[in-house]
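Tertiary structure, described
So you can see what is in the structure, the chains are spelled out below.
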Amino acid sequence: MPAPHFKPRDPSFSSGPCAKRPGFNEFKDPNKVLGRSHRAKVCKDRINKSMADTLRILGCPEGFKAGIVPASDTGAVEMVLWSLLGERDIDVFHYESFGTTWAKDLDTLGLKYNSYSAAYGKLPDFTPANPNNDIIFPWNGTTSGACVPNGDWIPAEREGLVVCDATSGAFAVNLPWDKLDITTFSWQKALGGEAAHGVIVFSPRALERIRANKPSRQLPKIFKFSGKAVDDICAGNVINTVSMMCVEDYLKCLEWVDTIGGLEGTIGRTKANYAKVREFVEANEWVDFLCEKEEERSMTSVCLVVKGISEEGIKDILSKMDKEEVGHDLGSYRDAPSGIRVWCGATVESQDVEIMLQWLKHFYEEATRS
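Everything numeric in this text was worked out from a predicted model, so none of it was measured. Here the residue index of a chain counts from 1 through its sequence in written order. It should be noted that, the model being predicted, local features are given only for residues of pLDDT at least 70 and side-chain atom pairs only at 80 or more, the latter also being counted only at that level, while totals for whole chains, interfaces and linings use all residues. Think of the side-chain values as coming from all heavy atoms in the structure, minus any hydrogens and water.

Side note on the pattern of salt bridges
Defined as follows: The salt bridge definition used is simple: a Lys or Arg side-chain nitrogen within 4 Å of an Asp or Glu carboxyl oxygen. In this description a helix means any DSSP run of H or I spanning at least four residues, a strand means any run of E spanning at least two, and both kinds are numbered starting from the N terminus.
Tallied over the full model, the rule gives 26 salt bridges. As a salt-bridge pair, Asp 249 and Arg 21 come within 3.1 Å of each other at their nearest N and O atoms. Note that Asp 249 is positioned in helix H6 (residues 244-259) and Arg 21 in the segment before helix H1 (41-58), a separation of 228 residues in sequence. Through salt bridges with shared partners, a single ionic network connects Lys 20, Arg 21, Glu 194 and Asp 249.

Written as structure tokens, this is what we have:
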């Protein structure tokens, strides 16, 4: 096919940091928080508003609390692993690179755990989940294109805590809060916020255990959240200095979410973007989903395999798309099978997805014409 006549309005399809929300232009500081201490009342009020709005939009039940922590979602998960776990046996379910990293961290910590894994594009068997154990799993495989379809497998009556890495699932799916005790994410994913900060959402059960917890190992300052520290974090007394520019940008993201209908609005936009990719795959036999089962397929980090061309050929296509400014950062994750990864979260416009895919087809046909 000839080169399309149009280009995406925003060619950003990275799976993190993700595309900025529609209408983003530049950062402004109407609340005058820049240059102020993050301990100042005006800054703490903004931090607390961001967490209150997060809990409200995500539909978290009464008694849940949230706080900002360092180092994106990775820092949030690591804080939980290092500070809290070890009291009980652990079940780890992993099916992509980050979930596997959490399992390796438990090895480093010398903690006893049961490992349940699956290859990229697939989900593990969740039936062994033990209600007496702590459970760790990613809701959405950012690097594998697979996603947990529901929380039915999580025991409703349980002694252990359920730790969910929801970084590319939050604001894109309805999370079952009655089944999750500690949920982590970073606002750089589904809402297109800026990088470097993580968020942890705590259930009342989790807060109770954390308050009573006495870590069995020495910890760096940024990992300490036991005792009263967890309540301090959830009251805006963050462990280390946050970027108020990032907090203000996140608040603007949340304001935008309210304008499109809240959580149902972000989920609807995500589904519409994914639908464009599905239509494209159904119409072109040379491309397919890495995750074969649609009910287990991620609608945010959509991973594709490309047939009839080498890995170097795929890289050449993506290089041309980048140069033409019709699709940036579309390569699969470095540890994942070779292919294409399209971010379809709510901040992406479905028309941009459609146009980008036509350019992908153009460059594929150009590369395989001979």
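Having seen it, we continue.
Let's talk about the side chain of His 94
Spelled out, the test is: Exposed residues in this analysis have more than 50% of their type's maximum accessible area, buried residues have under 20%, and partly exposed residues fall in between, with area computed by a 1.4 Å probe over protein chains only. Residues adjacent in sequence count toward polar contacts only when both atoms are side-chain atoms; beyond that, a polar contact is any pair of N or O atoms within 3.5 Å, and within protein one must be able to donate a hydrogen and the other to accept it. Whether two residues are in contact is decided by their heavy atoms: any pair within 4.5 Å suffices.
Note that His 94 resides in strand S2 (residues 90-94). For His 94, a relative accessible area of 8% corresponds to the buried category. In this structure the side chain of His 94 is engaged in a polar contact, spanning 2.8 Å, whose partner is the side chain of Ser 115. Excluding residues that lie within four positions of it along the chain, His 94 makes contacts with Gly 99, Thr 100, Ala 103, Ser 115, Tyr 116, Ser 117, Ala 118 and Pro 124.

A closer look at the sheet that holds strand S6 (residues 182-185)
The following threshold applies: When DSSP finds two or more bridges between a pair of strands, those strands are recorded as paired. Inter-axis angles, ranging from 0 to 180 degrees, are taken between N-to-C directions of lines fitted to C-alpha atoms, where helices are fitted over the stretch in contact.
Ordered by their spatial adjacency, 7 strands build an open sheet running S1-S7-S6-S5-S4-S2-S3, and the pairing between neighbours is mixed. Each edge of the open sheet is held by one strand with a lone partner, namely strand S1 (65-70) and strand S3 (113-117). Sheet twist, expressed as the average angle between the axes of neighbouring strands with direction ignored, equals 15°. Examined bridge by bridge, strand S5 (residues 162-165) and S6 share 3 bridges and lie parallel to one another. Looking at the pairing, Val 163 lines up with Ile 182 of S6.

A look at helix H2 (residues 72-84)
Within an α-helix, residues lying three or four positions from one another point in the same direction, as the helix has 3.6 residues per turn. Convention followed: Expected helix span is computed as 1.5 Å times (number of residues minus one).
End to end, H2 covers 18 Å across 13 residues, agreeing with the expected 18 Å (1.5 Å per residue, within 8%). Burial within H2 is extensive, with 11 of its 13 residues counted as buried. All of the buried residues along H2 are Ser 72, Asp 73, Gly 75, Ala 76, Val 77, Glu 78, Met 79, Val 80, Leu 81, Ser 83 and Leu 84. One or two positions beyond H2, positive phi appears at Gly 86, with a value near 125°.

Remarks on the sheet that holds strand S9 (residues 301-306)
Read from one edge to the other, the open sheet built from 3 strands follows the order S8-S9-S10, with strand pairing classed as antiparallel. This sheet does not close on itself; its edge strands, each paired only once, are strand S8 (287-289) and strand S10 (340-343). Strand after strand, the sheet turns through a mean of 35° between neighbouring axes, direction not considered. Note: S8 against S9, 3 bridges, orientation antiparallel.

Some remarks on the pairing of strand S4 (residues 134-138)
Summarising burial for S4: 5 of the 5 residues are buried, a large majority. Across 3 bridges, S2 lies against S4 in parallel orientation. Counterpart to Asp 91 in the pairing with S4 is Ile 135. Pairing of S4 with S5 involves 4 bridges; the strand directions are parallel. Directly across from Phe 137, in S5, lies its bridge partner Cys 164.

A closer look at the packing of helix H8 (residues 311-324) against helix H9 (residues 350-368)
Cut-off, in case you're wondering: Just so you know how the angles are binned, under 35 degrees is roughly parallel, over 145 roughly antiparallel, 65 to 115 roughly perpendicular, and the rest oblique. Handedness of a crossing is defined here by the sense of rotation of the near helix relative to the far one, left-handed for an anticlockwise turn of less than a right angle and right-handed for a clockwise turn.
Two elements in contact, H8 and H9, have axes whose closest approach is 10 Å; the angle formed by their N-to-C orientations is 130°. With respect to each other, H8 and H9 are oriented oblique. When you trace H8 past H9, the crossing you get is right-handed. On the side of H8, the interface is formed by Ile 317, Lys 320, Met 321 and Glu 324, while H9 contributes Met 356, Trp 359, Leu 360, Phe 363, Tyr 364, Glu 366 and Ala 367.

Notes on the layout of surface pockets
What counts here: Definitions used throughout: a 1 Å grid over protein atoms alone; a cavity as a set of points that fits a 1.4 Å probe which cannot get out; a pocket as an open set with protein on both sides within 12 Å along at least five of seven lines; a lining residue as one with an atom within 4 Å of a point. Grid points are joined across faces, edges and corners, and a volume is the space filled by probe spheres set on the points.
Considered as a void within the structure, the largest pocket measures approximately 330 Å³ in volume. Here the second largest pocket is characterised by a volume of approximately 200 Å³. If you go around the second largest pocket, you meet 17 residues; those closest to its centre are Cys 147, Val 148, Pro 149, Val 173 and Met 299.

Quick notes on helix H4 (residues 204-212)
We apply this condition: To obtain the arc, one takes the directions from the helix axis to the C-beta atoms.
Of the residues making up H4, those classed as buried are Ala 206, Leu 207, Arg 209 and Ile 210. End-on, the buried residues of H4 take up no more than an arc of 170°, which puts them together on one face. Exposed residues lying more than 90 degrees from the buried face of H4 are Glu 208 and Ala 212. As for H4, its buried residues are in contact with S1, H2, S4, S6, strand S7 (197-202) and helix H5 (229-234).

Concerning the state of the cysteines
Definition in use: By disulfide we mean two sulfur atoms from cysteines, separated by a distance within 2.5 Å.
The tally for this structure, following the rule as stated, stands at 0 disulfides. Cys 234 provides the cysteine sulfur closest to Cys 60, a residue in no disulfide bond, and the two sulfurs are 11 Å apart. For Cys 60, a relative accessible area of 15% translates into the label buried.

In short, geometric facts, not functional conclusions.
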